[in-house]
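# Topology and contacts: notes
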Amino acid sequence: MKPLTEQEIRASFVNCTKGEAKRLSVPHDLADRPWDDLDFFGWRDPQAPDRGYLVAPLADGLRGAALRSTHAPSGQNRRSLCRLCLTAHTGGVSLMVAPKAGKAGKQGDSVGAYICDDLACSLYVRGKKDAGMGSRLPETLTLEEKIERTVGNLTAFFAKITA
């Protein structure tokens, strides 16, 4: 993924108003991100831990989505699987809900998926980040095929947001 600017990130959001995109918290360390290892840029808002954001270079251009997460009650450390990268976590996956784009979103329609809490799917797929023992199931796919699958899952999630 090519490095993104704050302006590009804010302009990419499809499921929030321009004012909301202008107010959201974009990380200040964009230059330090591992852009070459990212298929999409995801981050959590440090001032609002239930908020997350995804920005992805899709076939039809750069697209961003604002997300809200739900957390299991403390004490529940069940093993869950991220629907984007297929990494298994113990207590590290949350239901991320995105308002749909346009009129449907204004009427309260939303879509959700279980996604890695830290939104670091690209790094898990590449083995640059470890979610613990048993987090990556044995597969015969090449790294390129795993990346392609993750990007396909992300593209399908964005298709639901913009449908």
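Let me begin by describing the structure that accompanies this report. Since the structure is predicted, the reported quantities are computational estimates derived from the model, not experimental observations.

So, about the overall build of the protein. Looking only at helices and strands, one finds five helices and seven strands in the protein. For the protein, the sequential pattern of α-helices and β-strands runs α-α-β-β-β-β-β-β-α-β-α-α. In terms of overall dimensions, the protein is globule-like: its C-alpha atoms have a radius of gyration of 15 Å, near the 15 Å expected for 163 residues. Across its three principal directions, the C-alpha atoms of the protein cover 45 × 35 × 30 Å. Classification of the 163 residues of the protein by burial places 44% in the buried group. Taking all contacts inside the protein whose residues are at least 6 apart in sequence as the whole, residues at least 24 apart take part in 56%. As displayed, the protein has an accessible area near 9100 Å², and 52% of this comes from carbon and sulfur atoms.

Attention now moves to the sheet that holds strand S7 (residues 110-116). Ordered in space as S1-S2-S3-S6-S7, the five strands form an open sheet in which the pairing is antiparallel. Because the sheet does not close on itself, it has two edges, and the strands there are strand S1 (41-45) and S7. Between one strand axis and the next, the sheet turns by 30° as a mean value, whatever way the strands run. Across the sheet, helix H5 (residues 143-162) lies against strand S2 (48-58), strand S3 (61-70), strand S6 (93-99) and S7, angled at about 105° from S2, the strand it touches most.

Moving on: the pairing of S3. Bridging between S2 and S3 involves eight bridges; their strand directions are antiparallel. Counterpart to Pro57 in the pairing with S3 is Leu62. Between the antiparallel neighbours S2 and S3 lie two residues. The sheet contact formed by S3 and S6 spans three bridges and is antiparallel. What sits directly across from Arg68, in S6, is Val97.

In this section: the nonpolar core. Within the largest apolar cluster, 42 residues are counted, with the highest numbers of intra-cluster contacts made by Ile9, Phe13, Phe41, Trp43, Ile115 and Phe157. Elements that contribute at least two residues to this core include exactly S1, S2, S3, S6, S7, helix H4 (121-125) and H5. Those residues within four positions of Phe157 in sequence are excluded, and the remaining contacts are Leu54, Leu67, Met96, Ala98, Val111, Gly112, Ala113 and Ile115.

Analysis parameters
- Counting restarts for each chain, with residues numbered from 1 along the sequence as it is written.
- Note on the predicted model: pLDDT of at least 70 is required for a residue's local features to be given, and 80 or more for side-chain atom pairs to be given and counted; whole-chain, interface and lining totals, by contrast, use all residues.
- Hydrogens and waters are ignored; side-chain quantities use all the structure's heavy atoms.
- The helix and strand labels rest on DSSP assignments: H or I over at least four residues marks a helix, E over at least two residues marks a strand, and numbering proceeds from the N terminus.
- Within these notes, the globule rule equals 2.2 Å times the number of residues to the 0.38 power, and the radius of gyration is based on C-alpha atoms.
- For each residue, the accessible area found with a 1.4 Å probe, counting protein chains only, is set against the maximum for its type, and the residue is called buried under 20%, exposed over 50%, and partly exposed in between.
- Contact between two residues is taken to exist if any of their heavy atoms lie within 4.5 Å; hydrogens are not considered.
- Each accessible area is a Shrake-Rupley result for a 1.4 Å probe, and residues are judged covered by the shown protein chains and nothing else.
- At least two bridges found by DSSP between two strands is the condition for calling them paired.
- The angle between two axes is taken between their N-to-C directions and runs from 0 to 180 degrees, where each axis is a line fitted to C-alpha atoms and a helix contributes only its stretch in contact.
- Working definition of a nonpolar core: buried Ala, Val, Leu, Ile, Met, Phe, Trp, Tyr and Cys residues. They are joined through side-chain atoms within 4.5 Å.

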